[in-house]
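# Architecture at a glance
Below, each chain spelled out in residue letters.
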Amino acid sequence: MREEVTCPICLELMTKPVSIDCGHIYCQSCILENLENQQQKSPSQENYHCPVCRAQFQRESIRPIKQLESIIDTIKKMEQELLCEKHQEKLFLFCEDDVQLICSYCERTPQHKGHTTVLVADACQSYKETYQNTLAYLREQEEQYKKWQMDIREEIEDFQADIQCKEEFIKSRFKLFHMILHMEEKSYLWRLENEKEQVLKRLQDSEAQLEKQSQELNKLILELERKCQGSAQELLQDAKDTLDRISAMKLNAPEDVSLEIHTMLDADRIFSELTKLFETDYVDVTLDPDTAHSDLLVEKNKMKVTCGRPQVKPDTPTGFKDLPCVLGCEAFTSGKHFLGLFEISGSLWDVGVCLENVSRDNDKTRDPESGFWAIRHCEDENYVALMSTLTPLNMQQPLHCIGVFLDYEAGLVSFYDLLTISHIFTFPKASFPEPVRPYFCISGGSCLCIN
């Protein structure tokens, strides 16, 4: 290989190798110097001659060979590595005791005295067989690893396909659930509409009957008033017929129509059954006074908290020291839970959940990285989700009743407006390393009531 990359002009390893039209390769500096010499001998010539085969070429045909340059660098490194670092002599001996290449000077040193040394060529054959055997074993291992990788890749593809299938199944079934709920909603509404039509028809029929009777009565009254205001002849004319008609008139009372509505939806029972069906625990949250900041007044029933004047109460290690916060008594370590209904009023508040052991004595940012998953009502009447960068919530109307859904294993925290029955915000997937508790921050004269 060294011979192949030796310059025919300088007889050294090529530096910046270039080729010409005939295919011969030279150092860039060597061929350019050769061109200058040819130019001096014949100044008018445009074509030059290859120093090896004398084939003609032009200066513009000289092309660099980058790949060969990297090979030459490798050869230089190999030649440098094959010299003894201590004596700068070629390593043509192999010490079998120390299993290393040595030079003739190394062989005579005390370090290798008495050791078995052989020529590199003799040792090479033995180690070559060992390496070949090892290489065969490693290739078997490589094939095994490739097989394992293919198996893993197939498992990944199968698993992803299975996940996608399950995802489509879940979506399709929930579409079916929505359809069934829609059907039931329409059924209830239609039954209510039918009941309305039936009752209204009876009431309207009674109203029409009364109107008819009222018209007959008014007609008779007008007739009698006219007779009374007329002459004696007019008064007595057809008196018998008039009295008979008065006697025959009978006023009928309207039908007694029941206004009780029988089409009723037992929403509480259905909601309870649905939460049981989906294994969701509906939680009646209560407030933990031991965690409340001194500015918060927690009522005895633990269902209401108001921000006001500092309260005189014993200091507790679990109480918040920096901001007017309070936690719920309930701690969650697994399962799905619906927390609510929270009725809130005031200018500044937070509602959500947090890790049980969040810091109580600093005012760091409330976000998932610090163990808080909450939404906030700001003093400018806007709403934000407490992410590392505050995320605006485009609310169409003020929030007063909020529900929080927590799925501990899935790392899911979602917020809902319970007046409009609409989704507010869902935090990115979380991981809870410890119990999670309801979290509230009530300031600026705000008030929270748990219904």
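For the structure itself, look to the data block above.
Let us look at the structure shown here.

Scanning all chains against the criterion turns up 14 aromatic pairs. The positively charged end of Arg108 is found above the aromatic ring belonging to Tyr105, 5.2 Å away from the centroid. Over the face of the ring belonging to Tyr188 we find Arg191, whose NZ or CZ atom lies 4.6 Å from the ring centre.

Considered as a void within the structure, the largest pocket measures approximately 1600 Å³ in volume. Around the largest pocket, the lining is made up of 32 residues, and of these Leu181, Phe271, Leu274, Thr275 and Phe278 lie nearest the centre. Elements supplying a minimum of two residues to the lining of the largest pocket: helix H4 (120-229), helix H7 (267-277), strand S9 (280-283), strand S13 (336-345), strand S18 (401-407), strand S19 (412-417) and strand S20 (422-426). Examining the composition of the lining of the largest pocket, we find that 9 residues originate from one element, H4, more than from any other. For the lining of the largest pocket, the per-class residue count stands at 19 nonpolar, 6 polar and 7 charged.

Turning our attention to the pairing of strand S11 (residues 304-307). The alternating pattern of S11 places Val305 and Cys307 on a buried face, while none of Lys304 and Thr306, on the opposite face, is buried. One ladder, built from 3 bridges, connects strand S10 (residues 296-298) with S11; its direction is antiparallel. Each residue of the ladder has a partner; that of Leu296, found in S11, is Cys307. Count of turn residues in the S10/S11 antiparallel hairpin: 5 residues, of which Lys302 carries a positive phi of about 60°.

Here we take up the sheet that holds strand S7 (residues 100-102). Taken in spatial order, the 3 strands of this open sheet run S7-S6-S8, and their pairing is antiparallel. Only two strands of the sheet have a single neighbouring strand rather than two, namely S7 and strand S8 (117-119). When strand polarity is set aside, the average angle formed by the axes of neighbouring strands in this sheet is 35°. Two strands pair when backbone bridges link them, and strand S6 (residues 93-95) and S7 are joined in this way by 3 bridges, in the antiparallel orientation. Opposite Leu93, over in S7, you have Ile102 as the bridge partner.

Taken together, the 3 strands give an open sheet; going across it, the order is S2-S1-S5, and neighbouring strands pair in antiparallel fashion. Edge strands, defined here as strands with exactly one partner in the open sheet, are strand S2 (25-27) and strand S5 (63-64). The pairing of strand S1 (residues 17-19) with S2 spans 3 bridges and is antiparallel. Along S2, the bridge assignment pairs Pro17 with Cys27.

What counts, and where the lines are drawn
- Residues numbered from 1 in each chain as written.
- Predicted model: local features only at pLDDT ≥ 70, side-chain atom pairs only at ≥ 80, totals over all residues.
- Heavy atoms only, no water.
- Phe/Tyr/Trp six-rings, centres within 6.5 Å; stacked < 30°, edge-to-face > 60°.
- Lys NZ or Arg CZ within 6 Å of the ring centre and 35° of its normal.
- 1 Å grid on protein atoms, 1.4 Å probe; cavity = no way out; pocket = protein on both sides within 12 Å on 5 of 7 lines; lining within 4 Å.
- Points joined across faces, edges and corners; volume = space filled by probe spheres on them.
- Helix = DSSP H or I, 4+ residues; strand = E, 2+ residues; numbered from the N terminus.
- Nonpolar A, V, L, I, M, F, W, Y, C, P; charged D, E, K, R; others polar.
- Buried < 20%, exposed > 50% of the residue type's maximum accessible area, 1.4 Å probe, protein only.
- Pairing = 2+ DSSP bridges.
- Axes fitted to C-alpha atoms, helices over the stretch in contact; angles between N-to-C directions.

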